[in-house]
Amino acid sequence: MLVSLNGGRGGAAGGAVPLSPPDLVESALAAVAAGAGEVLVHPRTPCGRESLSPRVVGPLLEAMRGAGVFVPLSVSAGIGAEPDPAGRLERVRSWTVLPDRAVVHFAEPGAEELAQALLARGVAVDAVVPLGGEGGAEPGAGPGAGPGPLARFLAWPVRDPARVRLAVELTAADPALVAGLRWLPPVPLLLFGREAAAWPVLRLAARCGAATRTGAGDVLHLPDGRPARSNAELVAAAREMCAAAGAATAGSR
């Protein structure tokens, strides 16, 4: 299970969202102890702005690994950290300390080039594709619209399937949407949702046998509606939900 430590949230989101490097390290260690098998982080400058600068990304990754976070570490490489596609390419090419994975949003311009640049550096890619939208269609698929994120991903030649994972962000726990993913290229699949969709989608992912994620970057409340106090608490709740969903699926066969 992947834990998204902070996402695009700022300090106004509350104490469950770690922002400073020491808090991120502490939160990552606790989340891994609770059962997280991967960690996703949005690195930030001392003033709180998301950044892909090697002077921000490198020290944070070194601090996590030095503290004993030995699971794969992912960094988000999106427009929240660098709006300019050329700037994102320049940043990732200048990294001196590499994450294990990087998140690339295929709804953002320059995604294909960014993903290829990361792979060339030895960094695996989570290709994020939002799916659902109005009427269950792919966002951006209306008349006159350009190719949607899923179409862009499918048109991108995946030359290294072992190091590319399709991370589908669902707006609702719709089994029909998941069934429609079976014809996609043979890459690993991760399903997740945000806010109100987070827990229903996590339960659906567990029933489908797909990888999934949780964390304060996606959701700030527990399945029963109580505010989450930490990423570790969210991971523990997610593992419990996955175990129950898996048992229910096995019992129905």
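A. Structural context of the nonpolar core. If you look at the biggest cluster of nonpolar residues, it comprises 57 residues, and the most contacted ones within it are Met 64, Phe 106, Leu 118, Phe 153, Leu 170 and Leu 191. No other element matches the six residues that helix H4 (residues 111–120) contributes to this core. Discounting residues that sit within four places of it in the chain, Leu 191 has contacts with Val 168, Leu 170, Val 178, Leu 181, Val 201, Ala 205, Ala 210, Ala 211, Thr 212 and Arg 213. Val 219, Leu 234, Ala 237 and Cys 242 belong to the second-largest nonpolar core, a separate cluster that totals 15 residues.

B. Structural view of the packing of aromatic side chains. If you walk through the whole model with that rule in mind, you get three aromatic pairs. Consider the rings of Phe 106 and Phe 153, whose centres lie 5.6 Å apart with planes at 85°: the pair is edge-to-face. One end of the pair, Phe 106, is in the loop between strand E4 (101–105) and H4; the other, Phe 153, is in helix H5 (residues 149–155), with 47 residues separating them in the sequence. Here Phe 106 matches Phe 153 in class, with each residue buried. Ring centres of Phe 153 and Trp 156 lie 6.2 Å apart, and the angle between their planes is 50°; on these two criteria the pair is classed as tilted. Trp 156 gets classed as buried once you look at its relative accessible area, which sits at 6%. One aromatic cluster in this structure is built from Phe 106, Phe 153 and Trp 156. We note Arg 213 situated over the ring of Phe 192; from NZ or CZ to the ring centre the distance is 3.7 Å.

C. Representation of the pairing of strand E3 (residues 73–76) in the model. Here E3 shows no split at all, with Leu 73 and Val 75 on one side and Ser 74 and Ser 76 on the other all buried. Taken together, the three bridges between strand E2 (residues 38–41) and E3 define a ladder with parallel strand orientation. When the sheet's bridge partners are listed, Val 39 is paired in E3 with Leu 73. The parallel pair E2 and E3 is bridged by helix H2 (residues 54–67), and the resulting crossover is right-handed. Bridge count for E3 against E4 is three bridges, and the pairing is parallel. If you follow Val 75 over to E4, its bridge partner there is Ala 102. As a crossover connection, the stretch from E3 through helix H3 (residues 85–94) into E4 is right-handed.

Criteria and cut-off values
Residues numbered from 1 in each chain as written. Predicted model: local features only at pLDDT ≥ 70, side-chain atom pairs only at ≥ 80, totals over all residues. Heavy atoms only, no water. Core = buried A, V, L, I, M, F, W, Y, C linked by side-chain atoms within 4.5 Å. Buried < 20%, exposed > 50% of the residue type's maximum accessible area, 1.4 Å probe, protein only. Helix = DSSP H or I, 4+ residues; strand = E, 2+ residues; numbered from the N terminus. Contact = heavy atoms within 4.5 Å. Phe/Tyr/Trp six-rings, centres within 6.5 Å; stacked < 30°, edge-to-face > 60°. Lys NZ or Arg CZ within 6 Å of the ring centre and 35° of its normal. Pairing = 2+ DSSP bridges. Right-handed = clockwise from strand over helix to strand, strands pointing away.

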